Amino acid sequence: MTPLAQLLEAALFASGMPVSIEALAALDPDAAPESVEAALAELRSRYDEGEHGIEIVEAAGGWQILTRPEYTAAIERAQIASRPHRLSAAALETLALIAYRQPITRADIEEIRGVSAGSILKSLLERGLVDVVGKADALGRPLLYGTTPAFLEHFALRHLGELPRADELAVALRPAVEAASASASAPAS
Amino acid sequence: MAADLVDVSDDPRDVRAPGLPREGDDAPPASFVVELAHFSGPLDLLLTLLREEQIDIYDIPIARIAEQFLVRIRTLRLDEAAEYLEMAARLLRIKAQMLLPRRDGAEAWDDPRAELVRRLLEYQQVREVVDVLERRAEGRRNRFARTAPPAPERQASAGPLSVAMADLLAAIDRLLRATRGPDIHAVIPRALDVAGALAAARSLLARRARLRWRDLVRLDAEPWEILSVLLAVLELARLGECVLRQPLAFGAVEIIGLDAGPETLDGDSETAAAPVLSSHDPAPAYDTASAAA
């Protein structure tokens, strides 16, 4: 491996969080951006080809060393690390709305979901998946919510553009209904 | 639907109005919670009904669905949750509107279901995104990042120390020299002899009208002796047998016997305020007594 690739490996190991390509490039002021990219590619192929338990994954606009999924069960069984709790359906719905409509007020979330969102927003804020990004101009200046880098990391997204576009969803909507209807298993009496 | 992905601990009570009886319900609470976890809201329940009944979302037989919705929230004991009740009321209103006779110009007819359809479509979009998010989260959940401990507050660190052993020992030596142990005094209680000092001062005053402090106190006097003399002189002044004067600030104190002295009492302000002292007071000797000299 080139010295630059080794340097990137060390930096990625030192950080638990995804490291942006800019931060990686700043490690060696003499290195040209292309050589950083090349070193990163070299490093990734090393982990992909070699027999390694970890790999380098792109997430939240950066790169991160993660364990390979096939070892998760054993690691968890040995209580070395544990997987985070899954989010509830209500929390996921709220996150989906925030991701697509951000900045969005709590009232808008509640209007679309048809249920109150206060406690869910609170726990999402605590988990750092969303944040207050401003205040709406509407009456009472309600808080506006948006997603955070931790949101991208949680959902293994490089950026928000990786989510399906809203118009893609709209196009998929009708066939999805028909497919669901056709495959519905238990028609009620 | 992704009911199995629900983390019940996250927010299972969201669909329930607050302050509702829970344990006291005649239905077993456990089954309630399980069923509750299946639906994240009235729209979710409605969408599920439509799917089960294989109903096109754009042409909902509102009377049938409204009825089923009511049955469902009753059996799931969701009928106390405000959001579900609101949806039930909405469905019944749409049902009533559908029963109204339409005018013949059918194209002018406003479908009362339109708003509901719009909301359902919107909600279905959300569910679709949730499926995507869920898949992605599950992929990420199965990988561990290195859990670095939270970075401590960055301090102005001068880096690792480089010190020779000799320097270190010299520093310790300097430190030990500089810091003496605390001065510990053994305080020996010594009774004052005010009565003796009083007698000595009286006899001296009987012979000489004017005394100086030094006449009463030997140069090598112990603190307890100085203090005894001080108290004795103050006592004499209180009794009116003498007057104390100090003509100059920080100057020598004069003790003038009143019996023998023709002096006027112009220096009265200098007279020490007389504390009431019992001459038998045993009191420890203080170093500070010498300050009175």
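Asker: Could you clarify how one ought to interpret the overall build of chain A in this entry?
Answerer: On a plain count of helices and strands, chain A comes out with nine helices and six strands. Burial analysis of chain A (189 residues in total) assigns 31% to the buried set. If you take every contact in chain A between residues at least 6 apart in sequence, the share linking residues at least 24 apart comes to 50%.

Asker: Which parts of the structure should I look at to understand the sheet that holds strand S4 (residues 104–105) of chain A?
Answerer: Where strands meet in a sheet, backbone hydrogen bonds hold them as pairs that are either parallel or antiparallel. All names here are of chain A. The strand order across the open sheet built from three strands is S4-S6-S5, with neighbouring strands paired in antiparallel fashion. Edge positions in the open sheet fall to S4 and strand S5 (130–135), since each of these has one partner strand only. With two bridges joining them, S4 and strand S6 (residues 143–147) adopt antiparallel strand pairing. Residue pairing for S6: Ile104 is matched across the bridge by Tyr145. Contacts between helix H5 (residues 89–101) and the sheet are confined to S4, S5 and S6, with S6 contributing the most and set at about 95° to the helix.

Asker: It is not clear to me how the sheet that holds strand S3 (residues 254–257) of chain B should be interpreted in this structure. Could you clarify?
Answerer: Residue and element names in this part refer to chain B. The strand order S1-S3-S2 describes an open sheet built from three strands, whose pairing is antiparallel. Edge positions in the open sheet fall to strand S1 (210–212) and strand S2 (242–245), since each of these has one partner strand only. Sheet twist, expressed as the mean angle between neighbouring strand axes with direction ignored, is 25°. Two strands pair when backbone bridges link them, and S1 and S3 are joined in this way by three bridges, in the antiparallel orientation. Considered in S3, the bridge of Leu211 is made with Ile255. The sheet contacts of helix H9 (residues 223–239) involve S2 and S3, and relative to S2 the element is tilted by about 120°.

Asker: Got a minute to help me understand the packing of helix H3 (residues 62–75) of chain B against helix H4 (residues 82–99) of chain B in this structure?
Answerer: Angle between the axes and distance between the axes are the two parameters that describe a pair of packed helices. Residue and element names in this part refer to chain B. Running from amino to carboxyl end, H3 crosses H4 at an angle of 155°, the nearest separation of the two axes being 9 Å. Relative to H4, the element H3 lies roughly antiparallel. Relative to H4, the crossing made by H3 is left-handed. Two secondary-structure elements touch here, H3 through Ile62, Ala63, Ile65, Ala66, Phe69, Leu70 and Ile73 and H4 through Tyr84, Met87, Ala88, Leu91, Leu92, Ile94, Lys95 and Met98.

Asker: Could you clarify how one ought to interpret the nonpolar core in this entry?
Answerer: Across soluble globular proteins, you tend to see nonpolar side chains buried next to one another. Counting 71 residues, the largest nonpolar core has Leu8, Leu92, Leu95 and Ala96 of chain A together with Phe69, Leu91 and Leu133 of chain B as the members making the most contacts within it. Broken down by element, the residue count for this core peaks at nine residues, all from H5 of chain A. Apart from the residues lying within four places of it in its own chain, the contact partners of Leu91 of chain B are Ile62, Ile65, Ala66 and Phe69 of chain B. Leu192, Ala197, Ile226 and Val233 of chain B belong to the second largest nonpolar core, which has 21 residues in total.

Basis of the calculations
Residues numbered from 1 in each chain as written. Chains lettered and ligands numbered in written order. Predicted model: local features only at pLDDT ≥ 70, side-chain atom pairs only at ≥ 80, totals over all residues. Helix = DSSP H or I, 4+ residues; strand = E, 2+ residues; numbered from the N terminus. Buried ≥ 20, exposed ≤ 12 C-beta atoms within 10 Å, placed from the backbone. Contact = placed C-beta atoms within 7 Å. Pairing = 2+ DSSP bridges. Axes fitted to C-alpha atoms, helices over the stretch in contact; angles between N-to-C directions. Parallel < 35°, antiparallel > 145°, perpendicular 65-115°, else oblique. Left-handed = near helix turned anticlockwise from the far one by under 90°. Core = buried A, V, L, I, M, F, W, Y, C linked by C-beta atoms within 7 Å.

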